[in-house]
Structures are given as C-alpha cells and as structure tokens.
Amino acid sequence: MQALSSSLKTIHKGGLAIILLQFLFSIQLQAQIPIVDLQWFPISDFPASLLPQDVEEFGVVPDNDEGGVWIGANRGGMVEEWDDLREDAEMFNSAKFYMEPEWVNGKVKFGCQMPFRATEIWYTLEFEDGHFTMALVDYFDPNEENLEQMESRMEAGDVCGAVEAVNGLQYPMSYINPEGFFAEALVQAHQNGLAYYKEKNYIQAIEDMECVLKEAWVNFPETQAEYEEDELVMYTISKADYEGILGDHGLFLLRAKEYGRCIEVNENLLVLNPDLIGPRLQLGDAQWATGEEALACDTYEDYVRAMNAAGRGSKVPSRVRERLSQ
C-alpha cells in the first residue's frame, strides 16, 4: 500500500512538471511573432560574433500601439522581444523612419523625423552583456537656419530674403503663423516701396511689394465677401492700411509704365471697395496711356463725381478735365 502511494505521488509530480513545461513553452510561443507580421528593421553590419546562439539577427521594431521601439531577436523568421526601449524612444515616428539601424563604431545608430515637423531624432544604442541600452537621443532641426535667416532679414528690411527663407521651411505651419508673417512682410515691403518711390526707383518698389503679394499660399482677398472675412485684413492689417498699400502698388506700376498690371491692380482694388477714389484716377490714367481713351473718360467721370461728392472737386487734376473736354 505504501509503495502504491509513493508511485501515485511520483506520477502526480511528473504530471505537474509536464504541465509546467507545456505552460512555459506556450508562453514562449506567444512571445514569438512571425517576422512578416512586423515592421522589421534589421541592424545592418551587426557583428555575427556578438549574436547569441540561434539568433540570426537583431532588429528594431516600432510599437505603433504604445509608442517607441523594442529590439527583436530573429530566430528562423520568428521574432521575440529582446530589449524594451519604448520609454527611451517614446518620440519615435515609424512613418518617417528614414535612417535604418546600423552598427557603427561599436554602437547602433538610427533616426526618424517628428510628425509634422522637420525635427530629426537620432538614437544611439550601446550593446553590452548581450543587451541593448539607449546611450544618446539627439535632436536636429534643419529649419533653424531658415528661421534665423527669416528673422535677421526682416530686421534688416530685406523682405524678399525673408520670404525666401520662409519658403524654404519644411512644415511651415508648425513653426510660424503665415498670416502674421506675411502681414508684417507686406507692411515692410510697402515701407521699402515708398522709400524706393522717392528715389524714383519704381521697379525695385514693385519687386519688394510683389515678392509678398505673389505668394500663392497667402489668400489675399479677391472679392468683397472675402474682403469682409479675410483674417489678414481683420486681425493684422486694418482695411484702410491694406487699401493704401494696394493703392500705392498700383501707383508704382503706373510710374513704371506697367499700365496693364496697373489696370489689373486698381480694378481688383475697386472690387474690394468701390467707394475708393484714388484708384479710379490711377485706373483712368493707365487706360488713357494704353489708348483706351473712351474707357478712360468713363473712369474719369466716375472719379470727378466721387471727388465732388467728397467736397474735393477743386483738387481734380487739370489733365483729367482737359481730357474730358476733348
């Protein structure tokens, strides 16, 4: 009877051992993931002499659920987690993983770019006692040079240079307020233009104005409805100042004998605000200069009526009355 009891205990212990082994084996199987189901980035040039037994290669695996990365060991197409670097690389962006991991001078290096920014993140791993640890996380932003140029050129009054620097930015909306910048640039360009106008350097006055006004990604208003709602005018430049700036742009074009463009600018300005008086004179002068005399007289008549209504009839230039009387 005693022998039978002893035998049963042995069988019971053996059964538990088998169950335990099966459980541990199942955990191991669960921890292994087919390499085809992963974003797998093998560490190139990793020394074969440092690989553990049965490990074909190490690789970096982005964790798109929790963030960061982990180091995986590839055994015959099945990958198990080797080292957890999720917290150390929490800013990792797998969508911009443009420098794959590489063994360089005894360390592993790889890099990525932050979401919606130009900032590059460079990771350096050390490998010691068979495991990887984060040695360095470094940041580099190529936009910094352009931002410095933007500020320094604006301070120097070089509007076109500042605009050029802004156009060189990656993800500019993450770094600057475009409406604010271009409003400031437009005001500065106008000041430059007035200075050039006094020197009779009309071409340079136009160039400074148009390096801002021609920016396609700034939505300057083109209709009365847009003019009423436009944030550039409402929040950073008053309507009166904006109209004055565009009116002077038309004047610079008139003095430079760019009559076609002068007509376009002043017609557009009168669409925004039909009550303006000065642009009608510039428009009539440009139409007269292009041989559209009948059209110019119609414009002059509108101009004279507006001047009389404003009590400024005596200020109408003599050339306008002479042309109307022909």
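Structure first, text after, so check above.
Treat the numbers as computed from the prediction; the structure is a model and nothing was measured.

> Where do I start with the overall build of the protein in this structure?
Along its length, the protein carries 12 helices and nine strands. With 326 residues in all, the protein has 42% of them scored as buried. In the protein, 44% of the contacts between residues at least 6 apart in sequence involve partners at least 24 apart. Summed over all atoms, the accessible surface of the protein reaches about 18500 Å², with 50% contributed by carbon and sulfur.

> Explain the pattern of salt bridges here, please?
Pairing between side chains of opposite charge can happen when their charged atoms approach one another. Overall, the coordinates contain 13 salt bridges when judged by the stated rule. A salt bridge links Arg75 to Glu80; the shortest N-O distance between them is 2.4 Å. Judged by its relative accessible area of 19%, Glu80 falls in the buried class. In this structure, the salt-bridge partner of Asp141 is Arg117, at a minimum N-O distance of 4.0 Å. Residue Asp141 is found in the loop between β9 (131-140) and α2 (143-155), and its partner Arg117 is found in the loop between β7 (107-113) and β8 (120-128); the two are separated by 24 residues along the sequence. Of the residues examined, Asp141 reaches a relative accessible area of 9% and is grouped as buried. If you follow the salt bridges from partner to partner, you end up with Asp63, Glu66, Glu81, Asp84 and Arg86 in one network.

> Before we go on, may I ask you to explain unusual backbone geometry in this structure?
Most peptide bonds take the trans form, and the phi angle of most residues other than glycine is negative. The residue Asn105 is not glycine, and still its phi comes out positive at about 50 degrees. Among the secondary structure elements, Asn105 is positioned in the loop between β6 (99-104) and β7. Looking at Asn105, the relative accessible area reads 78%, which means it is exposed. Phi is positive for Phe116, which is not a glycine, with a value near 60 degrees. Look at Phe116 and you get exposed, because its relative accessible area is 62%.

> Looking at this model, I keep getting lost on the sheet that holds strand β2 (residues 41-42). Mind explaining?
Sheet strands pair via backbone hydrogen bonds, and the direction of the pair is either parallel or antiparallel. As summarised here, the arrangement of the five strands in space is β1-β5-β4-β3-β2, forming an open sheet in which the pairing is antiparallel. Looking at the sheet topology across the chains shown, the edges are occupied by β1 (32-34) and β2. As defined by bridge partners, β1 adjoins strand β5 (residues 78-84) across three bridges and the pair is classed as antiparallel. Looking across to β5, one finds that Pro34 is bridged to Met78.

> Sorry if this is basic, but what is going on with the sheet that holds β7 here?
Read from one edge to the other, the open sheet built from four strands follows the order β6-β7-β8-β9, with strand pairing classed as antiparallel. Strand pairing shows two members of the sheet lacking a second neighbour, β6 and β9, which therefore form its edges. Going across the sheet, the axis of each strand differs from the next one's by a mean of 20 degrees, ignoring polarity.

> Please clarify how the packing of aromatic side chains should be interpreted in this entry.
What describes a pair of aromatic rings is the distance from one ring centre to the other and the angle between the planes of the rings. Evaluation of the coordinates by the stated rule reveals 18 aromatic pairs. Residues Phe46 and Phe132 carry aromatic rings whose centres are separated by 5.9 Å and whose planes lie at 50 degrees to one another, so their mutual orientation is tilted. Placement of Phe46 in the loop between β2 and β3 (57-62) and of Phe132 in strand β9 is noted, with a sequence separation of 86 residues between them. Under the relative-accessibility criterion, Phe46 is labelled buried at 11%. Residues Phe92 and Phe110 carry aromatic rings whose centres are separated by 6.1 Å and whose planes lie at 70 degrees to one another, so their mutual orientation is edge-to-face. With a gap of 18 residues between them, Phe92 in the loop between β5 and β6 and Phe110 in strand β7 connect regions that are remote in the sequence. Of the two residues, Phe92 and Phe110, neither departs from the other in class, the shared state being buried.

> Please clarify how helix α5 (residues 202-213) should be interpreted in this entry.
Relative to the 16 Å expected for 12 residues at 1.5 Å per residue, α5 spans 16 Å between its end C-alpha atoms, a close match to the ideal helical length. Taking burial as the measure, the 12 residues of α5 include nine buried ones, the bulk of the element. For α5, every residue scored as buried is listed here: Tyr202, Ala205, Ile206, Asp208, Met209, Glu210, Cys211, Val212 and Leu213.

> Got a minute to help me understand helix α3 (residues 159-167) in this structure?
An α-helical segment advances 3.6 residues per turn. Residues three or four places apart therefore align on the same side. Looking only at α3, the buried set comprises Val159, Gly161, Ala162, Val163, Ala165 and Val166. For α3, the elements touching its buried residues are α2, α4 (178-198) and α5.

> Would you take a moment to explain the packing of α3 against α5 for this structure?
At a minimum axis distance of 9 Å, the contact between α3 and α5 shows a crossing angle of 25 degrees. Between α3 and α5, the angle falls in the class roughly parallel. Crossing of α3 against α5: the hand is left-handed. Of α5, the residues touching α3 (which contributes Val159, Cys160 and Val163) are Glu207, Asp208, Cys211 and Val212. Partitioned by chemical class, the residues of the contact of α3 with α5 number five nonpolar, no polar and two charged.

> Hey, could you run me through the environment of Ile43 in this one?
Mapped onto the fold, Ile43 is located in the loop between β2 and β3. Ile43 sits in the buried class, given a relative accessible area of 6%. Residues Ile43 and Phe58, spaced 15 residues apart in sequence, show a C-alpha to C-alpha distance of 5.9 Å. Not counting chain neighbours up to four residues away, the residues in contact with Ile43 comprise Phe58, Gly59, Pro101, Glu102, Trp103, Val108 and Phe132.

Conventions used here
- Residues numbered from 1 in each chain as written.
- Predicted model: local features only at pLDDT ≥ 70, side-chain atom pairs only at ≥ 80, totals over all residues.
- Heavy atoms only, no water.
- Helix = DSSP H or I, 4+ residues; strand = E, 2+ residues; numbered from the N terminus.
- Buried < 20%, exposed > 50% of the residue type's maximum accessible area, 1.4 Å probe, protein only.
- Contact = heavy atoms within 4.5 Å.
- Areas by Shrake-Rupley, 256 points an atom, 1.4 Å probe, with all protein chains shown as cover.
- Salt bridge = Lys/Arg side-chain N within 4 Å of Asp/Glu carboxyl O.
- Pairing = 2+ DSSP bridges.
- Axes fitted to C-alpha atoms, helices over the stretch in contact; angles between N-to-C directions.
- Phe/Tyr/Trp six-rings, centres within 6.5 Å; stacked < 30°, edge-to-face > 60°.
- Expected span 1.5 Å × (residues − 1).
- Parallel < 35°, antiparallel > 145°, perpendicular 65-115°, else oblique.
- Left-handed = near helix turned anticlockwise from the far one by under 90°.
- Nonpolar A, V, L, I, M, F, W, Y, C, P; charged D, E, K, R; others polar.

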